[in-house]
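# Coordinate analysis (summary)
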Amino acid sequence: MMTVTQWIKNRYTYTEFDGRKIKNILHFSLIWNIFERACCQCNAQINQSHSIAENLQHESIPSLDKTWIYFKNRYVENASLTTTFNSFIFKQNNGKETVERILLSASPSKKEKIEALLRIIFRLRNNLMHGEKEPQIFYEQDKNFKHANTFLMDICNVRRDETCPDTSTNRRNTQ
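These remarks concern the structure in this document. (Residues numbered from 1 in each chain as written. Predicted model: local features only at pLDDT ≥ 70, side-chain atom pairs only at ≥ 80, totals over all residues. Heavy atoms only, no water.)

Right, let's get into the nonpolar core. Membership of the largest hydrophobic core comes to 46 residues, with the highest contact counts inside it found for Phe 35 and Phe 151. Mapped by element, the contributors of at least two residues to this core are helix H2 (23-39), helix H3 (49-56), helix H4 (64-75), helix H6 (96-104), helix H7 (110-129) and helix H8 (138-158). With nine residues, the single largest contributor to this core is H7. Every residue in contact with Phe 35, bar those within four places of it in the chain, is listed here: Cys 40, Ile 52, Leu 118, Phe 122, Leu 152, Ile 155 and Cys 156. (Core = buried A, V, L, I, M, F, W, Y, C linked by side-chain atoms within 4.5 Å. Buried < 20%, exposed > 50% of the residue type's maximum accessible area, 1.4 Å probe, protein only. Helix = DSSP H or I, 4+ residues; strand = E, 2+ residues; numbered from the N terminus. Contact = heavy atoms within 4.5 Å.)

As structure tokens, this is what we get:
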């Protein structure tokens, strides 16, 4: 039987594919699942970023500053947005302008930082999960997911509300 690594190597002709180099991407799906349950009532939508940020603005989030600096350095250079940010895929009405404004702000509030980071992480997730990322760039994306994972874990540690809507009458098929 073919392993996952072998299958990926064959599928994308990666002769040297190394799953250890994308461990943060692989962990992200599990962390996202916990985040979606803890913060989004099992139905995460990018527009929830504003209300989540509002709810968390007075909480201690240990990784906030480090995550903010990482993504700000990635997406802003010389007070302008980088080509990396400009090529970042946002769908219509997903708040790209909001993220741009916050990234370019000289002193964004804690709430604004949280909102911008959540919107960036939502887009990283969607770009990954919906096949919008080319597989050959996974290695260079792993660091983005390392920071996203740490930030989401910290948020989940603050938000222990793991209540999801009652799905007993409309169960999702998980088999």
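Right, picking up where we left off after that structure.
Attention now goes to the side chain of Thr 67. Relative to the elements of secondary structure, Thr 67 occurs in helix H4. For Thr 67, a relative accessible area of 2% translates into the label buried. Those residues in contact with Thr 67, other than ones at most four positions away along the chain, are Leu 117, His 147 and Phe 151.

Compared with the 24 Å implied by 1.5 Å per residue over 17 residues, the 24 Å span of H2 between its first and last C-alpha is a close match. Considering bend angle alone, the principal kink of H2 is centred on Ser 29 and spans about 30°. Every buried residue of H2 is accounted for by Asn 24, Ile 25, Phe 28, Ile 31, Trp 32, Phe 35, Glu 36, Ala 38 and Cys 39. Packed against the buried residues of H2 are H3, H7 and H8. Positive backbone phi, approximately 50°, marks Gln 41, located one or two places after H2. (Expected span 1.5 Å × (residues − 1). Bend = angle between axes of the 7 residues up to and from the residue.)

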